[in-house]
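# Structural features, examined
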Amino acid sequence: MSAPQLLGAHAHDLGGGFVVRRLLPAAQRQAVGPFLFFDHFGPVTVTPADNHDVRPHPHIGLATLTYLFDGVILHRDNLGYTQRIEPGAINWMTAGSGIVHSERKPEAERNSTYVNHGLQLWLALPESAQEVPASFVHTPASAIPELQDGCAQVRVLVGQALGAQSPVATLSPTLYLDIRLPAHGQWTLPMLADEQAVYVVQGDLQLDGQPLAPNTLAVLSESTVLSAGPEGARLMVVGGQPLGRRFIWWNFVSTSRERIEQASRAWAAMDPSQGMGQVPGEAEHIPLPERKPSRTESGAA
């Protein structure tokens, strides 16, 4: 029986005091399947005085995936999409050749107090698809398949598992599951992808009888018996086909360092001909950092 590879979280401030727990990339490995970034935020109480808005910023060469357990975020992008991101839905943004977006508190919630809690993930694109046209697709919670397997309640958010297929389209084999186990529930998670990992969002969990520490991503290499504690557990499974290493700097991902440098110059010049457009109705933007591109530097989601 092979022990899982355990990746601990580190705190990362996205600005305005908005701190996430980042599991990927890690010193031990850059990705699990196509997943390059794994950020867990909240649960955090948002008050009218808080400003966690993320101003317009660019991406290339990746896809972003936002999934909420609680709360709301307003997505806007230069393609003209405006979308309330709410619990249970899948919001998939393919940056490809270039996209600009913002993530803000919706106007309707400006004077409200509520809890935000969710995951923001980045996925590499296949090398042949890194420059596809940018797109944004919202899949409502009601369209996500849900099934019961033994004591496990499983939502197949992305990909195929246990006889169910998500409607979310991907450019490479991808797995993303939301699983609930009841109090003291025990369930065997099979290997459903070339690479896969487990992360506990709520509750206590044991993997083959060994406790999984909080804020830890466990990368698995074989089927694993999951055992929940007295309060049950909610966990996420991510994985898929590995796509090889990527250069990552700020919000840019590519197999080519030169492409990242090109995108950096375009954003600094605010050059729309290079795919660096403007979010309609927004005059702000996050300026390009001064630091030169490196292999592992990263930034806003």
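The structure reproduced in this document is the subject of the present report. (Residues numbered from 1 in each chain as written. Predicted model: local features only at pLDDT ≥ 70, side-chain atom pairs only at ≥ 80, totals over all residues. Heavy atoms only, no water.)

Looking at the element boundaries, Ala 197 is found in strand 19 (residues 195-207). Residue class for Ala 197 comes out buried when judged on its relative accessible area of 0%. Sequence separation of Ala 197 and Glu 290 is 93 residues, and the distance between their C-alpha atoms is 34 Å. In this structure Ala 197 touches Val 32, Leu 217, Ala 218, Val 219, Leu 220, Met 236, Val 237 and Val 238, once residues within four positions along its chain are discounted. (Helix = DSSP H or I, 4+ residues; strand = E, 2+ residues; numbered from the N terminus. Buried < 20%, exposed > 50% of the residue type's maximum accessible area, 1.4 Å probe, protein only. Contact = heavy atoms within 4.5 Å.)

What follows is about the sheet that holds strand 7 (residues 73-77). On the basis of which strands lie adjacent, the open sheet formed by four strands has the order 5-10-7-8 and antiparallel pairing. Since the sheet does not close on itself, it has two edges, and those belong to strand 5 (54-59) and strand 8 (82-85), each with one partner. On average, each strand axis in the sheet is inclined to that of its neighbour by 25 degrees, with strand direction left out of account. Two strands pair when backbone bridges link them, and strand 7 and strand 10 (residues 99-104) are joined in this way by four bridges, in the antiparallel orientation. Across the sheet, His 75 pairs through a bridge with Glu 103, a residue of strand 10. (Pairing = 2+ DSSP bridges. Axes fitted to C-alpha atoms, helices over the stretch in contact; angles between N-to-C directions.)

Attention now goes to the nonpolar core. Phe 38, Leu 65, Tyr 176 and Leu 217 are the most contacted members of the largest nonpolar core, which totals 29 residues. Considering each element in turn, this core owes the most residues, four residues, to strand 6 (residues 62-70). When sequence neighbours within four positions are dropped, the list of residues in contact with Leu 65 reads Ile 90, Asn 91, Trp 92, Leu 119, Gln 120, Leu 121, Leu 123, Val 158 and Tyr 176. Of all hydrophobic cores here, the second largest spans 25 residues; its members include Leu 147, Val 200, Leu 205 and Leu 207. (Core = buried A, V, L, I, M, F, W, Y, C linked by side-chain atoms within 4.5 Å.)

Within strand 10, six of the six residues are buried, which leaves the element mostly enclosed by the surrounding structure. What you see with strand 10 is no split at all: Ile 99, His 101 and Glu 103 on one side and Val 100, Ser 102 and Arg 104 on the other are buried throughout. Note: strand 5 against strand 10, four bridges, orientation antiparallel. Bridge assignment links His 57 to a residue of strand 10, and that residue is His 101.

Time to look at the sheet that holds strand 4 (residues 35-46). Backbone-to-backbone hydrogen bonds pair the strands of a sheet. The strands run either parallel or antiparallel. Spatially, 2-3-4-11-6-9-12 is the arrangement adopted by the seven strands of the open sheet, whose pairing is antiparallel. Edge positions in the open sheet fall to strand 2 (10-13) and strand 12 (135-139), since each of these has one partner strand only. Each strand axis lies, on average, 20 degrees off the axis of its neighbour in the sheet, ignoring direction. The sheet contact formed by strand 6 and strand 9 (residues 90-94) spans four bridges and is antiparallel. Bridging from a neighbouring strand, Thr 64 pairs with Met 93 of strand 9.

Within the structure shown, the criterion is met by 13 salt bridges. Between Glu 282 and Arg 104 there is a salt bridge, with its nearest N and O atoms 2.7 Å apart. Taken together, the positions of Glu 282 in the segment after helix 1 (257-269) and Arg 104 in strand 10 put the pair 178 residues apart, joining distant regions of the chain. Taking the relative accessible area as the measure of exposure, Arg 104 reaches 16% and is therefore buried. (Salt bridge = Lys/Arg side-chain N within 4 Å of Asp/Glu carboxyl O.)

Evaluated as defined, the whole model comprises nine aromatic pairs. The interplanar angle of 45 degrees and the centroid separation of 5.7 Å between the aromatic rings of Tyr 81 and Phe 136 together place this pair among those described as tilted. Of the two residues, Tyr 81 sits in the loop between strand 7 and strand 8 while Phe 136 sits in strand 12, which places them 55 residues apart along the sequence. With a relative accessible area of 39%, Tyr 81 lands in the partly exposed category. Take Phe 136: its relative accessible area is 7%, and that puts it in the buried class. Where Trp 249 meets Trp 250, the ring centres are 6.3 Å apart and the plane angle is 50 degrees; that geometry is what we call tilted. (Phe/Tyr/Trp six-rings, centres within 6.5 Å; stacked < 30°, edge-to-face > 60°.)

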